[in-house]
Amino acid sequence: MQLDDAYANAAYIDNAEAYPPRWKDAAAAFRKKLGFRAQKNISYGPTDREIYDLFEPEGVSRGTVIFVHGGYWKAFAPADWSHLAAGPLARGYAVAMVGYDLCPDVRISQITGQVARAISEIAKRTQGALALVGHSAGGQQVARMTDPLILSGDVRDRIENIVSISPVADLMPLLQTSMNDILQLDEAEATAESPVNMTPPHGVNVTIWVGADERPAFLEQAEQFSRVWGAKQFVVEGRHHFDIIDLMEDPDSDMVKALLGIK
């Protein structure tokens, strides 16, 4: 398909195949280290993948960070990303890692509904401010949560900060990729699920992050998203699509500070 190469991240990252097993190993080690502070596979819906993991900080939580993973809506699970909770946890925040059903078993619009239900359930069992962060497809998902028709007002009002990392903010180009055999997007759904077509939210601090070494399509997506929403964009030198998320592990990174509203 015409745009397959434009959205092929792994083909342009050295030793790309080593990243997923490295993530899984780091995540497992992180959960083991947390011990009882790691609550795994909490159900929020009827399917096996409608689960989230919740990691508690030491002492009373200062708020809750909710992470939505990427994988083009067709890969990965919460257990692959546990280690990315390290930065917010060190700052005293609880962190929830959200799972969802994958395409082609569901459509992207259904995933949006699942993520919203997960966030609503997490909100019920936590107090204080919420911060949303998502990577790639997850970056699209956390932006969609600002739609007033998706979350209830009381939950949406608790969201103070959103960090969208390397987001797919315009889904229309994906119709011209072979992965759409799995995603099964049509023009109507691609339009409805694209954050670039949404009204920017009020009262939420949104920042958009992308690696300087990412594919041009992702740099363009981030720039368009930033422009349409009037959101600040950070282009991080020396980072690509697979390692920009490492900044989530560092409590002193600018990304974690933005996520937690730290000046």
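Here the structure is a predicted model, which is why all the values come from computation and not from measurement. (Residues numbered from 1 in each chain as written. Predicted model: local features only at pLDDT ≥ 70, side-chain atom pairs only at ≥ 80, totals over all residues. Heavy atoms only, no water.)

Re helix 4 (residues 137-144)
Item 1. Counting buried positions along helix 4 yields eight of eight residues, so the element is predominantly enclosed.
Item 2. Among all positions in helix 4, only Ala137, Gly138, Gly139, Gln140, Gln141, Val142, Ala143 and Arg144 are buried.
Item 3. Looking at the buried positions of helix 4, the neighbouring elements they touch are strand 3 (64-68), helix 3 (108-124), strand 5 (130-135), strand 6 (159-165), helix 7 (187-192) and helix 8 (216-229). (Buried < 20%, exposed > 50% of the residue type's maximum accessible area, 1.4 Å probe, protein only. Helix = DSSP H or I, 4+ residues; strand = E, 2+ residues; numbered from the N terminus. Contact = heavy atoms within 4.5 Å.)

Some details on the nonpolar core
Item 1. Among the nonpolar cores identified, the biggest contains 54 residues, and Trp73 and Leu174 are the most heavily contacted of them.
Item 2. For this core, the element with the most residues is helix 3, which contributes eight residues.
Item 3. Setting aside its immediate chain neighbours within four residues, Trp73 contacts Tyr100, Leu102, Cys103, Ile108, Ile111, Ala137, Gln140, Gln141, Val168, Leu171, Leu174 and Leu183. (Core = buried A, V, L, I, M, F, W, Y, C linked by side-chain atoms within 4.5 Å.)

Remarks on the sheet that holds strand 1 (residues 38-43)
Item 1. Sheet architecture is open: eight strands sit in the order 1-2-4-3-5-6-7-8, paired in mixed fashion. Looking at the sheet topology across the chains shown, the edges are occupied by strand 1 and strand 8 (232-236). Each adjacent strand pair in this sheet contributes to an overall mean axis angle of 20 degrees, direction not counted.
Item 2. Where helix 4 meets the sheet, its contacts fall on strand 3, strand 5 and strand 6, and the angle it forms with strand 5 comes to roughly 145 degrees. (Pairing = 2+ DSSP bridges. Axes fitted to C-alpha atoms, helices over the stretch in contact; angles between N-to-C directions.)

A look at the packing of helix 3 against helix 4
Item 1. Between helix 3 and helix 4, the shortest axis-to-axis distance is 10 Å and the interhelical angle comes to 60 degrees. Along this stretch, helix 3 crosses helix 4, giving a crossing that reads as right-handed. Counting all contacts with helix 3, which are made through Ile108, Ile111, Thr112 and Val115, the residues of helix 4 involved are Gln140, Gln141 and Arg144.
Item 2. Residues belonging to the contact of helix 3 with helix 4 are distributed by class as follows: three nonpolar, three polar and one charged. (Left-handed = near helix turned anticlockwise from the far one by under 90°. Nonpolar A, V, L, I, M, F, W, Y, C, P; charged D, E, K, R; others polar.)

Concerning the packing of aromatic side chains
Item 1. For the coordinates displayed, the defined rule picks out 11 aromatic pairs.
Item 2. An angle of 75 degrees between the planes, with centres 5.9 Å apart, marks the rings of Trp23 and Phe76 as edge-to-face. With Trp23 in helix 1 (residues 19-34) and Phe76 in the loop between strand 3 and helix 2 (86-90), the pair connects residues that are 53 residues apart, well separated along the chain.
Item 3. The class of Trp23 is buried, set by a relative accessible area of 5%.
Item 4. For Phe76, a relative accessible area of 27% gives the class partly exposed.
Item 5. Seen from their ring centres, Phe225 and Trp229 are 4.8 Å apart, and the 75 degrees between their planes marks the pair as edge-to-face. Placement of the pair is Phe225 and Trp229 together in helix 8, with a separation of four residues, close to one helical turn. (Phe/Tyr/Trp six-rings, centres within 6.5 Å; stacked < 30°, edge-to-face > 60°.)

Focus: the pattern of salt bridges
Item 1. Taken as a whole and judged by the stated rule, the model has 12 salt bridges.
Item 2. With a closest N to O distance of 3.1 Å, Arg215 and Asp5 form a salt bridge. With Arg215 in the loop between strand 7 (205-211) and helix 8 and Asp5 in the segment before helix 1, the pair connects residues that are 210 residues apart, well separated along the chain.
Item 3. A relative accessible area of 14% means that Arg215 is categorised as buried.
Item 4. A cluster of three or more residues bridged by salt bridges with shared partners is formed by Arg107, Asp186 and Glu189. (Salt bridge = Lys/Arg side-chain N within 4 Å of Asp/Glu carboxyl O.)

Examining the environment of Asp243
Item 1. By secondary structure assignment, the location of Asp243 is in the loop between strand 8 and helix 9 (254-260).
Item 2. C-alpha of Asp243 to C-alpha of Ile13: the two residues are 230 residues apart in sequence and 9.8 Å apart in space.
Item 3. Those residues in contact with Asp243 that lie beyond four places of it in its chain are Tyr19 and Gly238.
Item 4. At 2.7 Å, the side chain of Asp243 and the backbone nitrogen of His240 are in polar contact. (Polar contact = N/O pair within 3.5 Å; in protein donor to acceptor, adjacent residues only side chain to side chain.)

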